[in-house]
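Chain residues, written in single-letter form:
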Amino acid sequence: MTVQETETKVVVSHPKDHSTQFTVLKYGATVISYKTKGNENLFLSEAAKLDGSKPVRGGIPLVFPVFGKESDPVNPLSKLPQHGLARNSTWEFLGESSPKEKDGVAVQFGLYPEIANEELTKLWNYDFTLILTLELTESSLRTNIEVSNPISSKTDFKFHWLFHTYFKIDDIEDTFITNLTGNNVYDQLLKENYIDKLPVIQFQEEFDKIYSNVDSSRMVQIVDRGEVLHTVKRSQLPDLVVWNPWIEKSAGMADFEPKTGFKNMVCVEAGHVKNYIDLKPGEKWTAEQILCEEKLKYQAI
Ligand SMILES: O=P(O)(O)OC[C@H]1O[C@H](O)[C@H](O)[C@@H](O)[C@@H]1O
């Protein structure tokens with residue numbers, strides 16, 4: 001069996017090699033594990049709640065319809081908690097779908113106001129349909145999202161989207177991230193905008209930055225002493241958030257364990273978060289990220 005469903009999870013294995021597989025928690029449609037040839041690619045906190053009581057600390061939480069917290073009280077999204085409602089809702093498993101790749105296995109999950117977190121849809125009362133497609137090949141995981149505003153709805157709505165991927169790494173101090181040089185960056189800790197001119201991103205302290213309008217031809221690579229651990233390719237996701245909580249912030253997160261876990265993770269989050277997307281009744285918006293294996297490739301400015 002390549003697709004196995006339980007009450008709370010779906011496990012998808014590659015038919016040619018069962019040690020290449022991913023696991024999705026129906027709560028948040030959160031990918032909580034993605035293994036290639038038995039090696040785990042994602043970080044999952046040992047204290048992550050997997051019972052639906054809290055968004056998952058690790059894996060690939062989904063951020064919709066707002067990234068962070070909207071501060072303008074006039075904006076209807078300001079009523080929602082940090083990172084919106086998709087990661088706090090139990091999605092419907094829609095079954096297998098046709099893969100794009102010859103050797104791919106694909107499954108789909110859906111979220112609509114009828115099944116989404118009731119307390120949160122009361123705060124943001126719009127009609128929406130989210131279809132998440134996850135496709136596994138022997139060397140990649142494609143995560144595709146389609147957001148629609150049904151033709152029957154009366155109003156348009158504005159939203160952000162983001163794949164909040166927690167990558168597993170060996171040691172944050174040996175890790176760097178490539179190909180974001182020359183881009184506009186907003187430092188969420190210093191509250192400052194500037195152009196990043198450093199050749200690679202390195203980590204010596206808490207890090208929380210939004211790189212915006214990064215051309216989709218740029219792949220982002222997470223590299224450990226010359227070895228590429230992860231490669232992220234994107235379509236329609238121009239912004240990238242890079243986050244590591246470091247010592248103090250990790251200590252303050254009850255669901256982050258072990259407390260030294262910040263050494264073994266980095267979030268590289270592909271999204272559309274600088275500007276809102278405006279969707280009118282009958283319109284659709286699609287985007288995707290592909291986690292794959294690639295050789296080290298520096299892309300000059
Ligand atoms: O604790 P959470 O709500 O899951 O957010 C975790 C993190 O998400 C993003 O990376 C933001 O840029 C950070 O500022 C935030 O701390």
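Residues numbered from 1 in each chain as written. Predicted model: local features only at pLDDT ≥ 70, side-chain atom pairs only at ≥ 80, totals over all residues. Heavy atoms only, no water.

Asks: Help me understand the overall build of the protein chain, please; the structure alone is not making it clear to me.
Replies: Helix and strand counts for the protein chain come out as 2 helices and 21 strands. Taken over the C-alpha atoms alone, the protein chain extends approximately 50 × 50 × 40 Å along its principal axes. Per-residue burial for the protein chain yields a buried fraction of 56% across its 301 residues. Residue pairs at least 24 apart in sequence account for 66% of intrachain contacts in the protein chain once pairs closer than 6 positions are excluded. About 13,700 Å² of surface is accessible on the protein chain, with carbon and sulfur atoms providing 47% of the total. For the protein chain, the distance from the average site of its 33 positive side-chain charges to the average site of its 43 negative ones is 2 Å. (Helix = DSSP H or I, 4+ residues; strand = E, 2+ residues; numbered from the N terminus. Buried < 20%, exposed > 50% of the residue type's maximum accessible area, 1.4 Å probe, protein only. Contact = heavy atoms within 4.5 Å. Areas by Shrake-Rupley, 256 points an atom, 1.4 Å probe, with all protein chains shown as cover. Lys, Arg positive; Asp, Glu negative; His and termini not counted. Charge placed at Lys NZ, Arg CZ, Asp CG, Glu CD.)

Asks: Mind showing me how you'd approach the pairing of strand β15 (residues 192-195) here?
Replies: Relative to β15, strand β14 (residues 184-187) runs antiparallel, the two sharing 4 bridges. Bridge pairing links Tyr 186 to Asn 193 in β15. With antiparallel pairing between neighbouring strands as the criterion, β14 and β15 make up a hairpin whose turn holds 4 residues, including Lys 191 at a positive phi of roughly 55 degrees. (Pairing = 2+ DSSP bridges.)

Asks: Explanation requested: the environment of Ile 131 in the structure shown.
Replies: For Ile 131, the location among the structural elements is in strand β9 (residues 129-136). The class for Ile 131 is buried, based on a relative accessible area of 17%. Once residues lying within four places of it in the same chain are set aside, the contact partners of Ile 131 are Leu 94, Gln 108, Phe 109, Gly 110, Asn 144, Ile 145 and Glu 146.

Asks: Honestly, unusual backbone geometry in this entry has me stumped. Any pointers?
Replies: Phi is mostly negative for residues that are not glycine, and the peptide bonds are mostly trans. With omega at -5 degrees, the peptide bond leading from Phe 64 into Pro 65 counts as cis. Of note, the amide linkage connecting Glu 257 to Pro 258 takes the cis form, showing an omega dihedral of -10 degrees. Along the chain, Pro 258 turns up in the loop between α2 (246-252) and β20 (265-279). Notably, Ala 29 is not glycine yet its phi reads approximately 45 degrees, a positive angle. Along the polypeptide, Ala 29 turns up in the loop between β3 (17-25) and β4 (30-36). When its relative accessible area of 1% is taken as the criterion, Ala 29 is described as buried. A positive phi is found at Lys 191, a non-glycine position, where the angle reads about 55 degrees. Structurally, the position occupied by Lys 191 is in the loop between β14 and β15.

Asks: Can you help me understand the pairing of strand β17 (residues 220-224) in this one?
Replies: Within β17, 5 of the 5 residues are buried, which leaves the element mostly enclosed by the surrounding structure. Neither face of β17 is exposed, since Val 220, Ile 222 and Asp 224 on one face and Gln 221 and Val 223 on the opposite face are all buried. Pairing analysis gives 3 bridges linking strand β13 (residues 175-177) to β17, with the strands arranged antiparallel. Opposite Ile 177, over in β17, you have Ile 222 as the bridge partner. Looking at chain direction, β17 and strand β18 (residues 227-235) are connected through 5 bridges and run antiparallel.

Asks: I would appreciate a short explanation of the site of the ligand in the present structure.
Replies: In the region of the ligand, the neighbouring residues are Arg 57, Phe 67, Gln 82, His 83, Arg 87, His 164, Gln 188, Asp 208, Val 241, Trp 243, Lys 249 and Glu 269. Within the side chain of His 83, an N or O atom sits 3.0 Å from an oxygen atom of the ligand. For the ligand, an oxygen atom lies 2.9 Å from a polar atom in the side chain of Arg 87. Spatially, the ligand is embedded in the largest pocket. (Near = heavy atom within 4 Å. Polar contact = N/O pair within 3.5 Å; in protein donor to acceptor, adjacent residues only side chain to side chain. 1 Å grid on protein atoms, 1.4 Å probe; cavity = no way out; pocket = protein on both sides within 12 Å on 5 of 7 lines; lining within 4 Å. Sits in = over half its atoms within 2 Å of the grid points.)

Asks: Just checking my understanding: could you explain the packing of aromatic side chains for this structure?
Replies: For any pair of aromatic rings, the description consists of the separation of the ring centres together with the inter-plane angle of the planes. Scanning the entire structure with this criterion turns up 17 aromatic pairs. With centroids separated by 5.6 Å and ring planes inclined at 50 degrees, the aromatic side chains of Phe 64 and Phe 159 adopt a geometry described as tilted. Of this pair, Phe 64 sits in the loop between β6 (62-63) and β7 (92-97) while Phe 159 sits in strand β11 (residues 157-163), and the two are 95 residues apart along the sequence. A residue is classified by how much of its surface remains accessible, and Phe 159, at 0% relative accessible area, is buried. (Phe/Tyr/Trp six-rings, centres within 6.5 Å; stacked < 30°, edge-to-face > 60°.)

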